[in-house]
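Below are the chains, spelled out letter by letter.
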Amino acid sequence: MKIFKFGGASTKDAESVKNVVSVIAQTGEKDLVIIISAMGKTTNALEEVVQAYFSETGDVKNALHSVYDFHYKILTGLFSATSHPAFAELDKTFKELKRFLETNKSKNHAFVYDQVVSFGEIISSKIVSAYFSENGIKNTWLDVRQCIKTDANYRDANVAWEKTQKKISDKVSPKGITVTQGFLGAEDSNNFTTTLGREGSDYTAAIFAYCLNAENVTIWKDVPGVLNADPRYFTQTQLLNHISYREAIELAFYGASVIHPKTLQPLQRKEIPLFVKSFLNPTAPGTCVGKGVTLDPQTSCFILKKGLVLISLSSLDFSFMMEDNIGDVFKWLHKYKMKVEMIQNSAISFSVCVNDKFNNLEELLAKLREKFSVKWNENVTLYTIRHFNPAEVKTLAENKNVLLKQESKETVQLVIKE
Ligand SMILES: Nc1ncnc2c1ncn2[C@@H]1O[C@H](COP(=O)(O)OP(=O)(O)O)[C@@H](O)[C@H]1O
Ligand SMILES: N[C@@H](CC(=O)OP(=O)(O)O)C(=O)O
């Protein structure tokens, strides 16, 4: 059996959902677990619901309404009559969400966030499952929260692998088609919904593949496969036909956002191949991540991460930046949930480029100022070139304000203020 994953771009409107049926038909696969993300940009829209809920002036009703309307419109494009049970299911799911918001007593932002944004995947998977049935694709809808068990680290939950393995083996048939949600899990002790981190549905596909010993995983995207540069920012890109697990882990880690970085480890452990293919051209080979050569074709890869913060610290008394000082810095970076993208240090200074995913910058800076002289730059971009040649680095840096540069044998990184 195989695992397919369809992300937000593959279900962003009724035509796209129809195309998913066509992709399944063209592959001819019969034994599949299909992982579905929220439709289009629904997770962002639900984040606005959460924001409105926690703000005194927020308009929760309006924010909810636009999410409802978006899905209602997709349903009208898929089913000819509003008497189709999918419409009643949409209403029921939204009532549940409203009830949660009306009755919730918790002020824990991350907890509320997960209970709310999870509705994106629940709704999308129900719609896709109903549309499959309508078109003769027999399938079983599975609530993934019965299978993926996690800790209580809301918004970035860690998988409890043993329990998850057992639940998946118990509840998922390797035969036929199962439709389920990406990105979601449930806290093991009390079953509250958790999420695995933004864009975590690729990771869900890998979890199922690992637990079911799947033949392979395909993540269907709006690009021909993994390219040697992010096509949103680079005009001349090349399709990578084959990437080794190790190289793909590096690329994803540095920010090649086409694959979620957590996806590759479980697959690599069992040597399960990962295909990245275009849902617009399903019979094209796309990219295979698996055993074998590092990169085919062997070429430089350009990756960028935007919206980062570069923090530069120096000791107040010119003492060296040594293990004790740096130890404190890392303790606080961890405490304020900063994702460290790059570090560099000298005798009395230490620079760290971070992603402030949880908006904790002010608190972190206040803490750091107790011990260090602190400078920082917001909204910087981290460029990474794997397998670089010096001419490419020179061209990239031309006319740009390079704040920091770091070079190793394979990789050069530049922090740039745009
Ligand atoms: N190296 C890369 N190769 C291909 N696509 C990339 C790369 N880096 C970034 N992307 C972006 O990743 C997008 C697809 O991933 P994603 O948005 O997560 O899809 P989905 O949410 O539908 O699963 C592409 O549209 C492209 O803009
Ligand atoms: N819907 C979630 C999870 C996800 O993986 O989405 P996508 O497959 O569209 O990147 C998010 O937007 O973060």
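Residues numbered from 1 in each chain as written. Chains lettered and ligands numbered in written order. Predicted model: local features only at pLDDT ≥ 70, side-chain atom pairs only at ≥ 80, totals over all residues.

The protein appears in an unreviewed UniProt entry as Aspartokinase from Aequorivita aquimaris. Heading Catalytic activity (unreviewed entry) of the UniProt record for the protein holds this comment: "L-aspartate + ATP = 4-phospho-L-aspartate + ADP". Taken verbatim from the UniProt record of the protein, the Sequence similarities (unreviewed entry) comment is "Belongs to the aspartokinase family." (UniProt positions renumbered as here; feature names shortened; annotations may be inferred.)

Asks: Where do I start with the nonpolar core in this structure?
Replies: Soluble globular proteins tend to pack their nonpolar side chains together in the buried interior. The biggest cluster of nonpolar side chains holds 110 residues, and the ones touching the most others in it are Ile 3, Ile 34, Phe 208, Ala 209, Leu 212, Val 217 and Ala 248. For this core, the element with the highest residue contribution is helix α5 (residues 109–134), accounting for 11 residues. Shared between two domains, this core holds at least three residues of each, these being domain 1 (2–221) and domain 2 (301–417). For Val 217, the contacting residues outside a window of four places in its chain are Ile 3, Ala 205, Ala 206, Ala 209, Leu 267, Ile 272, Leu 274 and Phe 275. (Core = buried A, V, L, I, M, F, W, Y, C linked by C-beta atoms within 7 Å. Buried ≥ 20, exposed ≤ 12 C-beta atoms within 10 Å, placed from the backbone. Helix = DSSP H or I, 4+ residues; strand = E, 2+ residues; numbered from the N terminus. Domains from an automatic or database assignment. Contact = placed C-beta atoms within 7 Å.)

Asks: Before we go on, may I ask you to explain the UniProt feature "binding site: ATP" (unreviewed entry) in the protein in this structure?
Replies: Under the feature "binding site: ATP" (unreviewed entry), the UniProt entry names Lys 5, Phe 6, Gly 7, Gly 8 and Arg 232. Counting through the fold element by element, Phe 6 comes out in strand β1 (residues 2–6). Residues within four places of Phe 6 in sequence aside, it is in contact with Thr 11, Val 20, Ile 34, Ile 36, Ser 37 and Trp 220. Structurally, Gly 7 is set in the loop between β1 and α1 (14–27). Beyond its immediate chain neighbours, meaning those up to four positions away, Gly 7 contacts Ser 37, Ser 201 and Lys 221.

Asks: Can you walk me through the environment of Phe 275 in this structure?
Replies: Among the secondary structure elements, Phe 275 is positioned in strand β10 (residues 274–278). The class of Phe 275 is partly exposed, set by 18 C-beta atoms lying within 10 Å. Each residue touching Phe 275, except ones within four places of it in the same chain, is listed here: Asn 216, Val 217, Thr 218, Gly 286, Thr 287 and Cys 288.

Asks: Sorry, what's going on with the packing of helix α3 (residues 60–78) against helix α4 (residues 85–103) here?
Replies: Direction vectors running N to C along α3 and α4 enclose 165°, while the axes themselves pass 11 Å from each other. Classed by the angle they form, the pair α3 and α4 counts as roughly antiparallel. α4 is crossed by α3, and the crossing has right-handed handedness. Touching Val 60, Leu 64, Tyr 68, His 71, Tyr 72 and Leu 75 of α3 are Ala 86, Phe 87, Leu 90, Phe 94, Lys 98 and Leu 101, all from α4. Among the residues forming the contact of α3 with α4, the class breakdown is 10 nonpolar, 1 polar and 1 charged. (Axes fitted to C-alpha atoms, helices over the stretch in contact; angles between N-to-C directions. Parallel < 35°, antiparallel > 145°, perpendicular 65-115°, else oblique. Left-handed = near helix turned anticlockwise from the far one by under 90°. Nonpolar A, V, L, I, M, F, W, Y, C, P; charged D, E, K, R; others polar.)

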